[in-house]
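Here is what each chain is made of, one letter per residue.
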Amino acid sequence: MMRWLPENVSSFGGDIDAILSLIYSATLAWFFLTLGAILLFLFLYRRREGRGATYIRGDKLSEAVWILIPAVIVLVLDLWIDFRGADAWAKVKGRVPSSDLRVEVTGKQFNWEIRYPGPDGKLGTADDLQLDNELHVPVNQVVRVTLKSKDVIHSFFLPNLRLKQDILPGREVEAWFQATKPGRYEMPCSELCGFGHSGMKGWLHVHPADEYQQWVRERWPSSRQGEGSKGS
Amino acid sequence: MAESAVAAGAGEVVHVHPEELGFWRTYVFSTDHKMIGKQYLFLGLFMAVVGGLLAYAIRWQLAFPDTEVPGWGFVGPEDYNALVTMHGTTMVFFVAMPILLGAFGNFLIPLMIGARDMAFPRLNRLSFWTLLGGSLVLLSSFFVPGGAASAGWTGYAPLSARPIYTGVNWGLNLWLLAHAIEFASFLMGGVNFLTTVMIMRAPGMTFFRLPILIWQLLTAAVVFLLSVGPLIAGAIMLLMDRIAGTSFFVPEGGGDPLLWQHLFWFFGHPEVYVVLLPAVGLAAEALPVFCRKPLFGYRWIIYSTLTTAILSFIVWAHHMFVSGMDPRLAMPFSFTTILISVPFAIMVFAMIATLWGGSIRFTTPMLFAVGFLSMFIVGGLTGIFNGSAPANIHVHATYFVVGHFHYTLLSGVLFGGLAGIYFWFPKMFGRMLNETLGKIHFWLTLITFNATFFPMHLLGLGGMMRRIANPMQYEFLQPLQPLNVFITVSAIGLLLAQLPFLINLVWSLAAGRPAEANPWEAATLEWSAPSPPPHGNWGEAIPVVYRGPYEYSPPEVAQDWLPQDRALAARPG
Amino acid sequence: MEASVATRTAPQILPGKVGVWWFLASEIMVFGGLISSYIVARLASSGWSAEAAHLSVPIASLNTLVLLTSSMTMVLAFGAVGRGDRRGVRTFLLCTILLGLTFLGIKAYEYSSELRAGFMPVTSPFWNFYYTMTGLHALHVLAGVITNLSLFVAARRGLRNAHRVELAGLYWHFVDVVWIFLFPLLYLT
Ligand SMILES: [Cu+2]
Ligand SMILES: [Cu+2]
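Residues numbered from 1 in each chain as written. Chains lettered and ligands numbered in written order. Predicted model: local features only at pLDDT ≥ 70, side-chain atom pairs only at ≥ 80, totals over all residues. Heavy atoms only, no water.

### Considering the arrangement of the chains
- Counting contacts across all two pairs of chains that touch, the top pair turns out to be chains A and B.
- Separated in space, chain A and chain C share no contact, their closest pair of C-alpha atoms being 13 Å apart. (Contact = heavy atoms within 4.5 Å.)

### Description of the nonpolar core
- Counting 346 residues, the largest nonpolar core has Leu135, Phe156, Phe177 and Leu204 of chain A as its most contacted members.
- The element that contributes the greatest number of residues to this core is helix H9 (residues 257-291) of chain B, accounting for 24 residues.
- Formed jointly, this core draws a minimum of three residues from each of two domains, domain 1 (9-94) and domain 2 (102-231) of chain A. (Core = buried A, V, L, I, M, F, W, Y, C linked by side-chain atoms within 4.5 Å. Buried < 20%, exposed > 50% of the residue type's maximum accessible area, 1.4 Å probe, protein only. Helix = DSSP H or I, 4+ residues; strand = E, 2+ residues; numbered from the N terminus. Domains from an automatic or database assignment.)

### Here's the deal with the coordination of the copper ion (ligand 1)
Residues and elements named next belong to chain A.
- The coordination sphere of the copper ion (ligand 1) contains the protein donors His154 (ND1), Cys189 (SG), Cys193 (SG) and Met200 (SD), at a distance range of 2.1 to 2.5 Å.
- Taken together, the four donor atoms coordinating the copper ion (ligand 1) span angles of 94 to 122° at the metal, a pattern that classifies the geometry as tetrahedral.
- Each donor residue of the copper ion (ligand 1) lies on one chain, and together they are spaced H-x34-C-x3-C-x6-M. In this pair, His154 sits in strand E6 (residues 154-158) while Cys193 sits in the loop between strand E9 (183-188) and strand E10 (201-207), placing the two residues 39 residues apart along the sequence. The burial state of His154 is the same as that of Cys193; both residues are buried. (Donors = N, O, S within 2.8 Å, 3.2 Å for Na, K, Ca; no water. Tetrahedral: all angles 85-135°; square planar, octahedral: opposite > 155°, others 65-115°.)

### Overview of the pairing of strand E3 (residues 129-132) of chain A
Residues and elements named next belong to chain A.
- Only one face of E3 is covered, namely the one carrying Leu129 and Leu131; the face carrying Gln130 and Asp132 has none of its residues buried.
- With four bridges connecting them, strand E2 (residues 111-116) and E3 associate as antiparallel partners. Bridge assignment links Glu113 to a residue of E3, and that residue is Asp132. (Pairing = 2+ DSSP bridges.)

### What to know about the confidence of the model for chain B
All names here are of chain B.
- Confidence in the prediction for chain B averages 92 pLDDT; 95% of positions are at 70 or higher.
- Scored below 50 in pLDDT, residues 1-18 makes 24 contacts in the model with residues more than four places away or belonging to other chains.
- This prediction of the complex comes with two scores: 0.93 for pTM and 0.94 for ipTM. (pLDDT = per-residue confidence, 0-100.)

### With respect to the interface of chain B and chain A
- Counting residues at the interface gives 96 residues for chain B and 81 residues for chain A.
- At the boundary of chain B with chain A, the tally comes to four salt bridges.
- Across the pair Glu475 of chain B and Arg184 of chain A runs a salt bridge whose closest N-O atoms are separated by 3.5 Å.
- Linking chain B with chain A are 29 residue pairs in polar contact (both at pLDDT 80 or more), by the criterion used here.
- Elements that contribute at least two residues to the side of chain B that touches chain A include exactly helix H4 (77-113), H9, helix H10 (298-311), helix H11 (330-339), helix H12 (341-355), helix H13 (364-387), helix H14 (389-395) and helix H16 (435-461) of chain B.
- Its residues assigned to classes, the side of chain B that touches chain A comprises 63 nonpolar, 23 polar and 10 charged. (Salt bridge = Lys/Arg side-chain N within 4 Å of Asp/Glu carboxyl O. Polar contact = N/O pair within 3.5 Å; in protein donor to acceptor, adjacent residues only side chain to side chain. Nonpolar A, V, L, I, M, F, W, Y, C, P; charged D, E, K, R; others polar.)

### Let's talk about the coordination of the copper ion (ligand 2)
- Protein-derived ligands of the copper ion (ligand 2) are His269 of chain B (ND1), His318 of chain B (NE2) and His319 of chain B (NE2), with the metal-ligand distances lying across 1.7 to 2.0 Å.
- A residue is classified by how much of its surface remains accessible, and His318 of chain B, at 8% relative accessible area, is buried.

### Section: unusual backbone geometry
- Of note, the amide linkage connecting Gln109 of chain A to Phe110 of chain A takes the cis form, showing an omega dihedral of 0°.
- Relative to the helices and strands, Phe110 of chain A resides in the loop between strand E1 (102-108) and E2.
- A cis amide bond, omega -15°, links Ser531 of chain B with the succeeding residue Pro532 of chain B.
- Looking at where Pro532 of chain B falls in the secondary structure, it is placed in the segment after helix H18 (499-511).
- We note that Arg292 of chain B has phi near 55°; this positive angle belongs to a residue other than glycine.
- Note on placement: Arg292 of chain B falls in the loop between H9 and H10.
- Phi is positive for Asn537 of chain B, which is not a glycine, with a value near 70°.

Here it is as structure tokens:
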């Protein structure tokens, strides 16, 4: 089942996949146990001549332990999933690691507007660059993404990076990722945002370090310092 | 108390024979809970056909994007959003609730607790007509300029708050109005359910002798009454945003889009149990009858149900892990959400334990009850993926969620609801359904249901988003397209698999084998009334209750069931 | 007259009373949802107090007094039912109705002066909430007035359905209590 996941190319994707497979193993075991018991009982206790049903009400504690003990096991598994999950959650959504690589992604019906801060590393200055639906980042570096929306709720989804974050108009939502493998990854919107929702998508381009420098030089040819401030 | 009640009752009984009433009094203005229950059933089934046709158009578009849907026409992206919105709204509010609560609640509550009718028969009539009005408003929204609502069944603001964002104006207003009417209808219904069970029980019918279905309906009614208020408030605010131009949910005017989500899901999650608990109850009624064995852990099921009801009020933000709310809230809500698996596990284990040591008859209602139990287990287990905050990051708003809630909600309506229909049809209409057709219906439904909804989990893990009209627009989804085609074929199969049922229904209504009063040899009170029960349900005397509802194969009698209302000469120790 | 079969049990509690309490429980959740939304929205932003200052506390205080008095006359009407005093029932119901209408009249005057001063429902989040909350409350008052009016008319022919005065009273007190919450939350903060 886990092989249906898209290839993971982010630093925290492995943690999420580990939670997914933990839950998968636990639930699969319960699936076989319960469905197995149902099928077994249906077979064993099918109606047969000369054999009546056993009169058990199961209200007394001594009988009810047969359902209460499995329920306690469920509880223990729940807590395990929660505790393991808390770490993964804190890593992805808890605190955003600092980085001087910042971009601003603005959702609008029905495009992603991506603003790069340019050589000065600051958004909202003259050297900002805006591209539609194209997010370029270097591999193995933490990228901070400031998410905004111009109209309705959109959701910034990177299936290969196990990152999903809804974007609320009127607020700025912070997200981050660290891509671990160069390539081109799809970046759809995953929250219904109007008639053009289907097909609202961009591309994340993860470049190897040198290729990324090349891209920066092409975009900001005038700036010699550009690479430096980008923090290699 | 018991004696005085009987004495008081005997004098008041008035016999009215339905054949003396004309058409209007029998169908339109009847206050008989049984007639009203049947009307809910047929309304729900009719709306299910509507919702099913919407599903067909949705599935066709997904499998063969931008080709003409046979018998329907071309589905554009705006149409597609309206289809998914209306499919969800129709199925949850106008199919699941009318069938599981309206039909079974109204038909069975008085019969199962030993009352002659609901506490407020005329309010009952009014609530049905209100629901019918709501259904008509919802259906009419397809035909207004701009088309039907298209902001999702969750109606997230600000998409839903300003007509410019969807291009839908009146469709969405009517959609809100239909909700308001539906809520009013089920508020009346819920008040009626609760009052009836609280004060109309037959002599001897203590709370711990009530059938489990009554407990589930009661809990569902309380949960509905207490959770729908905030959404009504939210709907008023949304309507103000749309019509008066306020900005409750629109950030430009200082509003907060997240507020809508909180109000919606404060109701939305409990609503899942409003639908699910009666389905559990329906299956739990059929199991002991066909195992000839008491329902295992009756009291534990009740305690679990009540626990679930309480927990359902503190889990709503699990729908909002990635919504942009404070991420520190996620783990507490993840914890409460996953905790709900414990009471549900107890209910499931109790039902499985009921099978143990039984003498199992594989009748159609039994098959559907076991089918519900099995599908519900799958739905519960996949819920853990959604409920875990980090896992939710990946599966949120994908087909994994769609698969999950169809395994819970649709299994409730389809398997739970059908178990109920096959089980009580003889009581409702005085005729038996055809068993062979019923079994064909069951196996076809079971196979096509799983073939339709299980692969959705795989699509969701693969990242396929909900509510996209054309998966082929995404390169990473193109390799998954064969799965979409497979699902669509299965879904069409699932719809066609309901034909044997419809044929069975129509044929048996007209010419089915007449049913005796207690064809399944069941112990609960409704089976002590004739099939179908007359106006007033019982003749001169109301039954007196001596014991719990599931006395099957008790040691003290030779017969393998002991009805709730049979007095035994010697009191069992 | 009622064609349906009479109910068998002689319940100790009036069914209507149980029903009304459950109905009120859901109503509490409606206003609870609205009021909590207001409180949360207000805590999350600033500047609302300045806008609330434009409301007229004297008028609202007067209105509070009117509504409280109407609750008292409703209690008196119920007391008259207990004594079988038909004239008393009618008199006190009429008082309650007139006080309810007075409340609505004063509220309408208040709205119109606010609207004249340029405070529209769309002016700001505070006014969004103000008009929606008080408007919904006013609709509830109107519903109560209509209910009381129907009881007033019915009482002309006797006290057969006079137990409904108690049910209407429960509802009327609820509407009153909601106002007791709205008044400080909107006017005094
Ligand atoms: Cu979008
Ligand atoms: Cu939920």
